[in-house]
Structures are given as C-alpha cells and as structure tokens.
Amino acid sequence: MDTEHSEHILSYGKLTAVWVALLVLTAATIMVTRVELGVWKVWAALAIASIKSGLVIAFFMHMKYEPRLFRIILFVALFTLAGFIGGTFFDVLYR
C-alpha cells in the first residue's frame, strides 16, 4: 500500500477561525470604503483582498500542505498575471 500520499484534513476549529478571519477582513473592506483615504483607499482594499485570497488559497485549497514546487509555480503564475494586469493599466493610463 502506498503510504506516501496522505490526506490533510483540517479541523473544524481551524476552518472556523479562517472563516471568521475572512468575515473580519470583509468588514474591514467595507470600513475602508467609508473612510476618506484618497488614493490609498484602493491600495488598502487591494491589500485586504490579497490577504483574503491568500487565506482561501492556503487553507480551503490546501496549498499550505502542498510540496514547495507547487507553491513556487503558483506564485510565478500569480506574479505573471499581476504583470499582465499592471501592463494593461499602464496602457490605459498613457493613452
């Protein structure tokens, strides 16, 4: 029997803690929209969204328990996507 593959079952307590953290971060996103921060409002909302997506990827998609190579490939893909989106914004900005 192959014992190399093991399942990572998260406890309900950990899943609940992540869920509560996501709810708190959602409330923080709503609060950021109600405070006058100028240009920083968008950056704050993006930072909170990045943290939320990191939690979802790490715990609900079980990336925290994957081998290092998979995590590196994920970050390369995300940085490539961010580069394409950033390039699109610069194209629109300088038209």
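Residues numbered from 1 in each chain as written. Predicted model: local features only at pLDDT ≥ 70, side-chain atom pairs only at ≥ 80, totals over all residues. Heavy atoms only, no water.

On the surface, a cluster of nonpolar side chains totalling about 650 Å² of accessible area is made up of Trp19, Val20, Leu23, Val24, Val56, Phe60 and Met61. Of the residues forming the nonpolar patch, the biggest block, 4 residues, is contributed by helix H1 (residues 12-34). Tracing the backbone shows Leu23 in helix H1. Its relative accessible area of 44% is what places Leu23 among the partly exposed residues. (Patch = residues over 30% accessible without salt bridge, like charges linked within 9 Å, V, L, I, M, F, W, Y side chains within 5 Å. Areas by Shrake-Rupley, 256 points an atom, 1.4 Å probe, with all protein chains shown as cover. Salt bridge = Lys/Arg side-chain N within 4 Å of Asp/Glu carboxyl O. Helix = DSSP H or I, 4+ residues; strand = E, 2+ residues; numbered from the N terminus. Buried < 20%, exposed > 50% of the residue type's maximum accessible area, 1.4 Å probe, protein only.)

Our next topic: the confidence of the model for the protein chain. Regions with low pLDDT should not have their predicted coordinates read in detail. The share of residues in the protein chain with pLDDT of 70 or more is 92%, and the mean pLDDT across the chain is 87. Within the protein chain, helix H3 (residues 68-93) has the poorest average pLDDT of any element, 88, and H1 the best, 94. (pLDDT = per-residue confidence, 0-100.)

Here we take up the packing of H1 against helix H2 (residues 40-60). Two numbers describe how H1 lies on H2: the axes approach to 10 Å, and their chain directions differ by 170°. Taken as axis vectors, H1 and H2 run roughly antiparallel relative to one another. Here the hand of the crossing between H1 and H2 comes out left-handed. Where H1 abuts H2, its residues Lys14, Leu15, Val18, Ala21, Leu22, Leu25, Thr26, Ala28, Thr29, Val32 and Thr33 lie against Lys41, Ala44, Ala45, Ile48, Ile51, Lys52, Leu55, Val56, Phe59 and Phe60. Residues that form the contact of H1 with H2 fall into these classes: 15 nonpolar, 3 polar and 3 charged. (Axes fitted to C-alpha atoms, helices over the stretch in contact; angles between N-to-C directions. Parallel < 35°, antiparallel > 145°, perpendicular 65-115°, else oblique. Left-handed = near helix turned anticlockwise from the far one by under 90°. Contact = heavy atoms within 4.5 Å. Nonpolar A, V, L, I, M, F, W, Y, C, P; charged D, E, K, R; others polar.)

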